[in-house]
Structure formats: C-alpha cells, structure tokens
Amino acid sequence: MKKLFFVLALASMSLTSMAQDEPTQKFSVATNSFWNNWFVQVGADWNAYYSSQEHANGHFTANPFKSFRSNPGAAIAVGKWFTPGIGLRTKVQGIWGQTVNSDMDHPANRYWIANEQVMFNLNNMIGGYNPNRFWSFIPFLGAGIGRSMTHDIYAMNLSCGILNQFRLGEKMALNLELGWNHAEADLDGNAAIMTNKTNSTWEDKDNNLYAEVGLTFNIGKSTWEKTPDVDAIKSLYMGQIDALNGQLNDANNEIARLKNMLANQKPVEKPAQVIKEFVATPVSVFFNINKTKIASRKDLVNLGALADYAKENGKSLKVTGYADSATGSASTNQKLSEGRAATVANELVKMGVSRDNIETAAAGGVADLSPISYNRRAVVVVK
C-alpha cells in the first residue's frame, strides 16, 4: 500500500510542476444567483479494489495495476460553486469492478457509487480569485452510498481525493483526478473475513482507489463579479468634501482679512485699490491624498480669475505646492508638492499666462492647516 501512495503523490507533484499560474488579481467577489456557476463533469477512470477479504490471507500484492484487482470505469458529476473557493458536487461512478477473494478467485463485480462531495479550490481560497487562472488544485471529501449490482447489496461510503483542473476556455476545463472510496465491507458482495485484525479503519472495509481523466463543462455564467470598493469610493468623496471645506476655510480667512483691512483703511484710499487687492488675493487648489491631479475642477474658477488679473496688470504669479506631513515620507511629500505646483502652473499656462511669468516652489510636507487634508494643496499668489 505504501507503494501505491508513493505513486499517487508523485503523480500529483508532477501535475503541480507542469501547471503555470498567471499573476493573480486579488479582489472580493459578489455572490452570484443560484443559477450561476454550475458545471457538469464526465470522465473515464481506472479503479482498483482492495477488499476486506484479501487481508485475511496476508499475501496479496498492493500493486493497483494487477489485472485481478483493477478495471476501467466511468463517472459523471453535477455541481455548483457557491464561492470561488467552495463548491458542492454529486458524483456517480463505477460499472466494472473486481472482488478479490483469493489468489485464484477474483470474480467481476458490477457496481456504482454515488457521493455528495464538498470541493475546496485552494488556489482561489489562498491566492485570490483569478478568472484566467490556468491550473486549480481542488481537494474534496464527501459521503454517499454504493451498490453491488452483481450481488444486489448496498453499502455506505466515504470519499476523498484531489482534482487537478486545467482551464481550456471559459466554458471547459481538463480534469485529472485521484480519489479514494472507503466503503462498508459488503460493497464487493462479500462480508469481511478477518483472522488477524490489525487495522480496523483499512482492513475490515472495501477500498476503491481510482485515477480519472475527464472534462468539466461550465453551464451559464461561470465567472464572479468584483464587488464595489466601498472604501475607495468613500475616500474619493471624502477627498472632494475636504477640498470644498478647504476652499471654504480659505474664503472665511480672506473675508476676515478683508474686513480687517476695510476697518483699518485710511480715508484717502480709493475703493478701486481695494477691489484690485481683493482680486489679487491668494488662491488655493486642493488635491486628494498621494495625488497630483486636482481634486475638484471648481477650483479652476478662482484660478482663472487670478490668471485674468495677472494678464491684465502685467503681474507675475508664484505657485507653491504643499503636502501633509502626517502621511508619507519627507522625500515622497517633496515630490508630491513639486508635482502639485507643476500641475497648477500648467493650468495657468492653459489660461494664457506666460510660462516666463510663473514661478514654482515646493514646500514639502506641512501641518499649517487643520484638518490635515487642507495641507494637500497648491497656493497661487501675485508677486
């Protein structure tokens, strides 16, 4: 028996080394409807019987390829994947078997075995779902009932094995399966005969080992939809809200400054001078975390007004980029602030401001404003 398990293990390792998996894209999937992810499997196998009777003799070879214990067989299964990693199938197999009673007595035994099995796609469970994965390693286990049609006897049955599945297309896959059916002692038509019972789990039961080659046909929809990234959506909206709050904060600060300026202005000052000062006030443009793309295009309205003022009055503009010091390294924040300043400078050029009249600077990570999201900005001032 040790030789048999060595052969099965070697075959499984060979299949594993042959199968090359594509890079995995990990993401969560939505639960499909009941009618999705069904499949049908058909296969041909070579099965070997290790009956309870032969253990009493103690001298039968364990080789599964001996003609007195093995025969070809057939199998069909219907199943469904409830998640990319867990599925159920109902499998029926059998037809031609052998009953091993003695050296010279091993009559044919027509039979069938029906099992309900739980399947575990370890590639999807451990490596993440990938709809284009070429090879899947799928252990399974289950229970059911078997019947010797030759002797009209039923027996309870346990099963386990490994299914190696190779993707041939969206609707079809190649199966290479190794399995073990562990049945009550009368599945082959005879009760157990034990003289030296040393291992009740193995020796007083009928054991059916098989190697199977077959095909899987997927029915209907066989892929899984990606679930929306709620955190990413929430982060996007929060970034936009932070940008609007930052604009409101800047506007409130500017209103307070202008009120103070008006309250302390000298009577000789002309109202027109105050209007020019208002138009030429700094403008802030806000960005999402780790981004150099402007968070809200509404910021460009105020930026356009400042660009018009600079063009009409022959003024130069200075753009200073910032990042928040609470996130990222100093070098990362420096690059972010440089990128943000460059982005705003490019927008000013599009608005007609000469590149020669634009100066850019990068302040890196700062913590000038609260909340920290307000620091992810670029500020434009008239020089």
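Read on for an overview of the structure. Quick caveat: nothing in here was measured; it's all calculated off a predicted structure. (Residues numbered from 1 in each chain as written. Predicted model: local features only at pLDDT ≥ 70, side-chain atom pairs only at ≥ 80, totals over all residues. Heavy atoms only, no water.)

1. Describing the packing of aromatic side chains
How we decide: Aromatic pairing here means that ring centres of Phe, Tyr or Trp (its six-membered ring) are within 6.5 Å. Orientation follows from the plane angle: under 30 degrees is stacked, over 60 is edge-to-face, and everything else is tilted. Whether a residue is buried, partly exposed or exposed follows from its accessible area with a 1.4 Å probe, protein chains only, as a fraction of its type maximum: under 20%, in between, or over 50%, in that order. Criterion for a charge above a ring: Arg CZ or Lys NZ at most 6 Å from the ring centre, at most 35 degrees from the ring normal.
Evaluation of the coordinates by the stated rule reveals eight aromatic pairs. Taking the centre distance of 6.0 Å and the plane angle of 50 degrees together, the rings of W135 and F137 count as tilted. On the basis of relative accessibility, which here comes to 11%, the residue W135 falls in the buried class. The structure contains a cluster of three or more aromatic residues connected by ring pairs, namely F34, W35 and W38. The ring of F34 is capped by K80, whose NZ or CZ atom sits 5.8 Å from the centre of that ring. The ring of Y322 carries R377 above its face, with NZ or CZ at 4.3 Å from the centroid.

2. What to know about the sheet that holds strand β2 (residues 70-81)
Put simply, the rule reads: The pairing criterion for strands is at least two bridges between them, as found by DSSP. Put simply, DSSP H or I for four residues or longer makes a helix, DSSP E for two residues or longer makes a strand, and each gets a number counted from the N terminus. Axis lines are fitted to C-alpha atoms, over the contacting stretch for helices. Their N-to-C directions set the angle, which ranges from 0 to 180 degrees.
Spatially, β1-β2-β3-β4-β5-β6-β7-β8 is the arrangement adopted by the eight strands of the closed barrel, whose pairing is antiparallel. Within this sheet the neighbouring strands show an average axis-to-axis angle of 25 degrees, counted without direction. Pairing between strand β6 (residues 153-167) and strand β7 (residues 172-183): eleven bridges, direction antiparallel. Bridge pairing in β7 links C160 to W180.

3. Structural notes on the packing of helix α6 (residues 299-313) against helix α7 (residues 330-350)
Under the convention used in this document: Reported orientations rely on four angle classes, namely roughly parallel under 35 degrees, roughly antiparallel over 145, roughly perpendicular from 65 to 115, and oblique for the rest. The hand of a helix crossing depends on one turn: near helix anticlockwise from the far one by less than a right angle means left-handed, and clockwise means right-handed. In this description, contact between two residues means that some pair of their heavy atoms is separated by no more than 4.5 Å. In this classification, Asp, Glu, Lys and Arg are treated as charged, Ala, Val, Leu, Ile, Met, Phe, Trp, Tyr, Cys and Pro as nonpolar, and every other residue, Gly included, as polar.
At their nearest, the axes of α6 and α7 sit 10 Å apart, and the two run at 60 degrees to each other. In terms of orientation, α6 lies oblique with respect to α7. For the crossing formed where α6 meets α7, the hand is right-handed. Touching L300, L303 and A307 of α6 are V344, E347 and L348, all from α7. A class-by-class count of the residues in the contact of α6 with α7 yields five nonpolar, no polar and one charged.

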